[in-house]
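# Structure at a glance
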Amino acid sequence: MAAVHERDVFLGFDFSTQQLKAVAVDAELKVVLEDHVHFDSDLPEFRTQGGVHMHPDRLTVTSPTLMWVKALDRLLDKMAASGFDFSRVRALSGSGQQHGSVFWRTGASRTLRTLHSDQDQDQDRDLQQILQDCFSVSDSPVWMDSSSTAQCHALERAAGGALSLARITGSKAYERFTGNQISKMLQTRPEEFHQTERVSLVSSFAASLFLGDYAPIDFSDGSGMNLLDLSLWDWSDLCLNACAPGLRPLLAAPVPSSTVLGPVCLYFVRRFGFSPDCSVVAFTGDNPASLAGMRLQPGDIAVSLGTSDTVFLWLQFPRPALEGHVFINPVDPQQHMALLCFKNGSLVRERLRDAAPGGSWDGFSSALTQTPLGNDGNIGFYFDVVEILPAAVGVHRFDALDNKVSSFPAHTEVRALVEGQFLSKRLHAERLGYAIIPGTRVLATGGASSNAQILQVLSDVFNAPVFTIDSSNSACLGSAYRALHGLVADSGVSFSDVVKKASEPKLVATPDARAKQIYDDMLKRFGRLEERVLQESRPQD
Ligand code: 5FX
């Protein structure tokens with residue numbers, strides 16, 4: 001592969017739920033362009049709310065496939081109008097919301113390949129016009145869909161149970177996971193299904209547009225389908241057959257996430273001025289792309305403290321379990337990543353802030369500084385809404401002797417919440433195989449990552465230094481970085497070498513010397529108490 005030149009630019013796209021975003025970085029990894037198209041407001045003709053259609057059963061959630069095609073037309077037009085020089089783009093990649101599926105109608109590959117034609121006839125037509133008849137299903141199921149419970153049960157039965165399925169595919173069966181959605185499509189809309197010649201994820205669908213041909217699914221996003229055997233880097237015949245017999249040719253073989261799929265097709269060269277040598281690197285899921293954008297390294301953990309809290313782990317030795325998701329790592333297929341979601345995040349922190357002395361973040365922070373590490377043994381669980389990990393609800397407080405108590409003093413309550421939220425993240429991360437190793441960093445992001453006292457507790461509970469990063473555009477940025485990495489991955493250059501030039505995260509907290517002993521012990525108690533809370537939350541017969 002030729003050296004990267006000073007004038008080269010790398011482009012990353014993110015087809016997220018609500019918008020299509022683009023970021024371009026130069027050879028020094030400086031961001032030179034950010035742009036987006038917002039589905040609801042920029043494409044009102046599709047009548048989406050938050051980028052989706054919620055169906056009357058309130059379980060089925062879809063997005064119009066052609067909306068994504070039109071969004072790409074619109075975004076590239078906007079970028080051209082702003083003077084962006086497409087001829088400098090050496091490589092592009094992208095990401096899509098995970099799990100969503102696109103059903104290509106039989107014959108669509110022929111239409112896609114017309115994008116390679118050097119005839120002028122298509123240059124005046126936008127992508128939406130060219131591809132309007134290409135989809136056998138016009139509304140793509142997306143990750144918010146939860147209508148495939150019956151198919152999930154059937155898949156778990158076929159695999160010999162939820163844990164066996166998790167051991168094969170990295171996750172137990174989830175309604176939004178694509179295999180179960182495909183199975184539902186076959187059972188409820190067989191006619192459309194039988195008119196389908198290819199099923200893509202949102203990511204591989206988007207790559208197909210640039211490629212002018214079907215793009216393969218990458219290992220990392222493919223891990224979110226309940227179909228990929230993570231140990232084989234290939235589809236599991238057992239899962240394929242359980243979801244839809246004969247599915248393999250409709251998916252084609254999955255590929256490593258850093259694969260160069262080919263050059264951008266002529267349509268983009270002629271219409272927007274891309275270089276015919278611009279490479280399309282496999283697209284992946286938004287969460288894997290975020291891991292790349294946050295530049296996680298072996299042993300790192302990223303904690304996003306938002307409305308709900310999300311944890312990304314770089315895993316060397318994964319232990320898929322009944323909770324969380326293990327994916328093949330997007331920047332190194334020999335490694336893994338895991339994703340954990342916690343629903344009770346900022347809203348609970350804000351509720352306790354309001355109740356804290358002074359009713360402010362200052363009061364909340366001073367409660368943390370005035371209470372000791374380990375909170376004198378007091379532990380709390382605060383689930384205002386039914387939690388995912390664990391599937392429990394309500395507020396549960398325990399004193400140092402594990403007795404259930406009905407209240408804590410105001411300061412103790414604040415520390416119990418923050419310690420409890422972080423202990424829970426550590427507990428569930430460790431269950432998936434996460435281990436704190438020398439050099440482990442905790443990367444914090446999201447609203448609450450601006451609170452120094454909260455981050456100190458995070459550092460103490462994980463006994464690791466905490467750094468802050470801005471992850472607002474991490475999926476897009478990660479895609480631009482992956483575009484660059486794709487050009488050199490085959491020659492053995494690691495992703496971390498490629499992104500060395502990007503700005504360093506900021507060190508904001510280091511663990512107290514007493515933290516390891518205190519929280520190693522507390523974690524064991526926390527695990528036992530969580531089990532009790534879970535039992536109490538189970539409906540009684
Ligand atoms: C992950 O499993 C999810 O379902 C979401 O984070 C989607 O990827 C959001 F786009």
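Sequence order sets the numbering: in each chain, residues are counted from 1 along the sequence as written. Residues qualify for local features only when their pLDDT is at least 70, as the model is predicted, and side-chain atom pairs are given and counted only at 80 or more; totals for whole chains, interfaces and linings, by contrast, use all residues. Side-chain metrics rest on all non-hydrogen atoms present in the structure, leaving aside hydrogens and water.

## Comments concerning the overall build of the chain
- Helix and strand counts for the chain come out as 21 helices and 24 strands.
- As defined in this context, the radius of gyration uses C-alpha atoms, and a globule is described by 2.2 Å times the residue total to the power 0.38. A compact globule built from 541 residues would reach a C-alpha radius of gyration of about 24 Å, and the chain, at 24 Å, matches this within 12%.
- The rule is simple: take the accessible area with a 1.4 Å probe, protein chains only, and divide by the maximum for that residue type; under 20% is buried, over 50% is exposed, in between is partly exposed. When the 541 residues of the chain are sorted by exposure, 60% land in the buried category.
- For the chain, the exposed surface amounts to about 20900 Å²; the carbon and sulfur share of it is 51%. Under the DSSP-based scheme used, a helix requires at least four consecutive residues in state H or I and a strand at least two consecutive residues in state E, with every element numbered from the N terminus. To measure how exposed things are, a 1.4 Å probe is used in the Shrake-Rupley method; for residues, cover is taken only from the protein chains shown.

## Notes on the packing of helix α5 (residues 149-159) against helix α6 (residues 162-169)
- One way to put it is that α5 packs onto α6 with a least axis distance of 7 Å and a crossing angle of 85°. In terms of axis orientation, α5 runs roughly perpendicular to α6. Every residue of α6 that contacts α5 at Leu155, Glu156 and Ala159 is listed here: Ala162, Ser164 and Leu165.
- Amino acids are sorted into nonpolar (Ala, Val, Leu, Ile, Met, Phe, Trp, Tyr, Cys and Pro), charged (Asp, Glu, Lys and Arg) and polar (every other residue, Gly among them). Classifying every residue of the contact of α5 with α6 gives four nonpolar, one polar and one charged. Geometry is summarised by axes, namely lines fitted to C-alpha atoms with helices restricted to the contacting stretch, and by angles between N-to-C directions that run from 0 to 180 degrees. In these notes the angle categories are as follows: under 35 degrees is roughly parallel, over 145 is roughly antiparallel, 65 to 115 is roughly perpendicular, and the rest is oblique. Between two residues, a contact is recorded if the distance between any of their heavy atoms is within 4.5 Å.

## Let's talk about the domain arrangement of the chain
- According to the domain assignment, the chain consists of domain 1 (9-288) and domain 2 (295-541).
- Counting residues at the interface gives 50 residues for domain 1 and 36 residues for domain 2.
- When two components associate, each loses some accessible surface as probed by a 1.4 Å sphere; the sum of these losses over both components is called the buried area. Approximately 3200 Å² of surface area, both sides summed, lies buried where domain 1 meets domain 2, with 64% of it carried by carbon and sulfur atoms.
- Salt-bridge detection follows one rule: a side-chain nitrogen of Lys or Arg within 4 Å of a carboxyl oxygen of Asp or Glu. In this assembly, domain 1 and domain 2 are joined by one salt bridge.
- Its salt-bridge partner being Lys501, residue Glu28 comes within 3.7 Å of it at the nearest N-O pair.
- Any pair of N or O atoms that falls within 3.5 Å is considered a polar contact. Within protein, one atom must be able to donate a hydrogen and the other to accept it, and sequence-neighbouring residues count only if both atoms are side-chain atoms. Inspection of the domain 1/domain 2 interface yields eleven residue pairs in polar contact (both at pLDDT 80 or more).
- Of all elements in the fold, only β1 (9-15), β2 (19-26), β3 (31-38), β6 (89-96), α6, α10 (219-222), β13 (279-281) and α14 (286-293) reach the threshold of two or more residues within the side of domain 1 that touches domain 2.
- Considering every element that reaches the side of domain 1 that touches domain 2, the biggest residue donor is β6, with six residues. Domain start and stop points were drawn from an automatic or database domain assignment.

## Let's talk about unusual backbone geometry
- Of note, the bond from Leu389 into Pro390 is cis; its omega dihedral lies within 30 degrees of zero at -5°.
- Mapping Pro390 onto the fold places it in the loop between β19 (379-383) and β20 (394-398).

## Some thoughts on the site of the ligand
- By convention in this text, a residue qualifies as near a molecule or strand provided that one of its non-hydrogen atoms is within 4 Å of it. Inspection of the region around the ligand gives Thr17, Gln97, Gln98, His99, Trp143, Arg176, Asp286, Asn287 and Leu339 as its neighbouring residues.
- Note that an oxygen atom of the ligand is positioned 3.1 Å from one of the backbone N or O atoms of Gln98.
- At a separation of 3.0 Å, an oxygen atom of the ligand approaches a polar side-chain atom of Asn287.
- A total of 290 Å² of accessible area belongs to the ligand in isolation, and the protein chains cover 89% of it.

## So, the packing of aromatic side chains
- Pairing of aromatic side chains here covers Phe, Tyr and the six-membered ring of Trp, requires ring centres within 6.5 Å, and sorts the geometry by plane angle: under 30 degrees stacked, over 60 edge-to-face, intermediate tilted. A complete count under the given rule lists 19 aromatic pairs for this structure.
- Their ring planes at 70° and their centres at 6.1 Å tell us that Phe135 and Phe205 sit as a pair that is edge-to-face. Taken together, the residues Phe135 in the loop between α4 (127-131) and β8 (139-141) and Phe205 in helix α9 (residues 202-211) connect sequence positions 70 residues apart.
- Relative to Phe526, the ring of Phe381 has its centre 4.6 Å away and its plane inclined at 25°; by these criteria the two rings are stacked.

## Section: empty space enclosed by the protein
- A pocket, in this scheme, is an open set of points on a 1 Å grid over the protein atoms alone with protein on both sides within 12 Å along at least 5 of 7 lines, while a cavity is a set where a 1.4 Å probe fits but cannot get out; residues line either one if an atom lies within 4 Å of a point. Grid points are joined across faces, edges and corners, and a volume is the space filled by probe spheres set on the points. One pass over the full model with this rule turns up two cavities of 30 Å³ or more.
- Considered as a void within the structure, the largest cavity measures approximately 130 Å³ in volume.
- Around the largest cavity, the lining comprises 15 residues; the ones closest to its centre are Tyr382, Phe383, Gly420, Gln421 and Ser424.
- For the lining of the largest cavity, the elements supplying multiple residues, two or more each, are β19 and α17 (410-431).
- In terms of residue count, α17 provides more of the lining of the largest cavity than any other element does, six residues in total.
- A per-class count over the lining of the largest cavity returns eight nonpolar, five polar and two charged.
- Of the voids in this model, the second largest cavity is the one considered here, and its volume is about 30 Å³.
- In terms of lining residues, the second largest cavity is bounded by Ser257, Ser258, Pro330, Val331, Arg482, His485 and Gly486.

## What to know about the sheet that holds β20
- If you walk across this open sheet you meet the three strands as β19-β20-β21, and the pairing is antiparallel. The sheet terminates laterally at β19 and β21 (404-405), the two strands that pair on one side only.
- Any two strands between which DSSP finds at least two bridges are classified as paired. Summarising the sheet, β20 and β21 pair through two bridges and their orientation is antiparallel. Among the inter-strand pairings, Phe398 is bridged to a residue of β21, identified as Lys404.
- Each of β19 and β20 touches α17; the most contacted strand, β19, lies at about 75° to it.

## Describing the pattern of salt bridges
- For the coordinates displayed, the defined rule picks out 27 salt bridges.
- Notably, a salt bridge pairs Asp309 with Lys425, separated by 3.0 Å at the nearest N-O pair. Residue Asp309 is found in strand β16 (residues 309-315), and its partner Lys425 is found in helix α17; the two are separated by 116 residues along the sequence. Both residues of the pair, Asp309 and Lys425, belong to the buried class.
- Through salt bridges with shared partners, a single ionic network connects Arg426, Glu430, Lys516 and Asp520.

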